[in-house]
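Coordinates in review
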Amino acid sequence: MTGRVEGKVAFITGAARGQGRSHAVRLAQEGADIIAVDICRAIDDVVYPASTPADLAETVALVEARGRRIVAAEVDVRDYDALAAALADGVDQLGRLDIVVANAGIGNAGNKLHKLREHIWQDMIDINLTGVWHTVKAAVPHVLSGARGGSIILTSSVGGMKAHPHTGHYIAAKHGVVGLMRTFAVELGRHSIRVNSIHPTQVNTPMAINDATFRLFAPHKENPGPEDFAPISQMMHTLPIPWVEPEDVSNAVLFLASDESRYVTGVQLPVDAGCLLK
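Below, the structure is looked at part by part. On a predicted model such as this, the values are computed, not experimentally measured, just so you know. (Residues numbered from 1 in each chain as written. Predicted model: local features only at pLDDT ≥ 70, side-chain atom pairs only at ≥ 80, totals over all residues. Heavy atoms only, no water.)

Comments concerning helix α4 (residues 118-146)
As a reminder of what qualifies: Every helix listed is a DSSP run of H or I at least four residues long, and every strand listed is a run of E at least two residues long, numbered separately from the N terminus. Expected span of a helix: the number of residues minus one, times 1.5 Å. In this scheme, the bend at a residue equals the angle between the axes fitted to the seven residues that finish there and the seven that begin there.
Taking 1.5 Å as the rise per residue, α4 with 29 residues should run 42 Å; its terminal C-alpha atoms sit 41 Å apart, in good agreement. Its axis deflected by about 40° at Thr-130, α4 carries its strongest bend there. At the C-terminal side of α4, Ala-147 shows a positive phi close to 55°.

Next up, the structure:
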């Protein structure tokens, strides 16, 4: 089956690499044009390397190699005016908006909630929760103007459905995304705009697979690597794998973006290798 989102336009945040890039490429493979944004610079207290302008340029090249158009911009989802302006420019160039993938997010330094530094909490909430609200807020008028309905997909996490220690700010933000999803689904349903959330476990991207993660889970090793983290990560899952690939999440995004899910709204869709069964 091909052309599952043929002729549609998708807006994707956090698109320079990782899941966001994978979503852009997967939707382009199935016929969508893309509006892609990413901050492309470092954020304080984020322990893994930041995305770069070169990463975003590579996403552009990968989408164009699939024969689709793409409009890309370096934007921080915390800056609503800049985000809305970049999206408006993309819609002007590509002519419409049908799909929204609010994917941008961070993992920053953690601690027990009562010991967490205030700026660490605030950055997490501002990016992983308010940034999602900004994305949908900016997008809804464009989707409504098309009067064709649409699909909005919010990236949450297994941490939006269960708790883990020392990541309470992340857990709170990702649970908050579920509240946004449900409310937007109720408010936009009469316009045939569907809103759902996806809930990945660990994904093979720089956000999860990095030196800081390896050191956290294998502190006894001098130079731990993915082979040290893998067996610990696998223990979290029912299926015998340590993490999923970005493409696994993108396939879920494609399903929710396509007409195959035309009556699916208000749903939390895990891509978690059975993590939530434990």
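Thoughts on the sheet that holds strand β1 (residues 9-13)
Basically, it comes down to this: Criterion used throughout: strands pair if DSSP finds at least two bridges between them. Every axis corresponds to a line fitted to the C-alpha atoms, with the helix fit spanning only the stretch in contact, and the corresponding angles, defined between N-to-C directions, vary from 0 to 180 degrees. Two residues qualify as a contact provided that any one of their heavy atoms is within 4.5 Å of a heavy atom in the partner residue.
The 7 strands are arranged β3-β2-β1-β4-β5-β6-β7 in an open sheet whose pairing can be described as parallel. Unpaired on one side and paired on the other, β3 (70-74) and β7 (268-271) mark the two borders of the sheet. Taken over all neighbouring pairs, the strand axes of this sheet differ in orientation by 15° on average, direction set aside. Here strand β4 (residues 99-102) pairs with strand β5 (residues 150-155) via 4 bridges, running parallel. Bridging from a neighbouring strand, Val-101 pairs with Ile-153 of β5. Set on the sheet, helix α3 (residues 80-94) makes contact with β1, β2 (33-38) and β3; between it and β2 the angle comes to about 160°. Where helix α5 (residues 168-188) meets the sheet, it contacts β5, β6 (193-200) and β7, and its direction lies at approximately 160° from that of β6.

Thoughts on a nonpolar patch on the surface
Using the following cut-off: Patch construction takes residues with relative accessible area above 30% that form no salt bridge. Like charges are linked within 9 Å, and nonpolar side chains (Val, Leu, Ile, Met, Phe, Trp, Tyr) are linked within 5 Å. The Shrake-Rupley method, run with a 1.4 Å probe, gives the accessible areas here. Residue values count only the displayed protein chains as cover. What counts as a salt bridge is simple: a side-chain nitrogen of Lys or Arg found within 4 Å of a carboxyl oxygen of Asp or Glu.
A grouping of Leu-216, Phe-217 and Ile-232 is seen on the molecular surface, where their side chains present a nonpolar patch of about 260 Å² in accessible area. Structurally, the position occupied by Leu-216 is in helix α6 (residues 211-217).

Quick look at the packing of α4 against α5
Applicable threshold: Orientation categories follow fixed angle ranges, with anything under 35 degrees roughly parallel, anything over 145 roughly antiparallel, 65 to 115 roughly perpendicular, and all other angles oblique. In this scheme, a crossing is called left-handed if the near helix is turned counterclockwise away from the far one by less than a right angle; it is called right-handed if the turn is clockwise. Polar here means any residue other than Ala, Val, Leu, Ile, Met, Phe, Trp, Tyr, Cys and Pro, which are nonpolar, and Asp, Glu, Lys and Arg, which are charged; Gly is therefore polar.
As a packed pair, α4 and α5 sit with axes 9 Å apart at the nearest point and diverge in direction by 15°. Considering the angle they form, α4 stands roughly parallel to α5. Crossing angle aside, the handedness with which α4 passes α5 is right-handed. Only Gly-168, His-169, Tyr-170, Ala-172, Ala-173, Lys-174, Gly-176, Val-177, Leu-180, Phe-184 and Leu-188 of α5 make contact with α4, whose side of the interface consists of Ile-120, Trp-121, Met-124, Ile-125, Asn-128, Leu-129, Val-132, Trp-133, Val-136 and Val-140. Partitioning the contact of α4 with α5 into residue classes produces 16 nonpolar, 4 polar and 1 charged.

Some points on the environment of Thr-59
Take Thr-59: it is sitting in helix α2 (residues 53-65). Along the sequence, Thr-59 and Ser-22 sit 37 residues apart, while their C-alpha atoms lie 8.6 Å from each other. When neighbours within four sequence positions are excluded, Thr-59 is seen to be in contact with Ala-15, Ala-16, Arg-17, Arg-21, Ala-24 and Ile-70.

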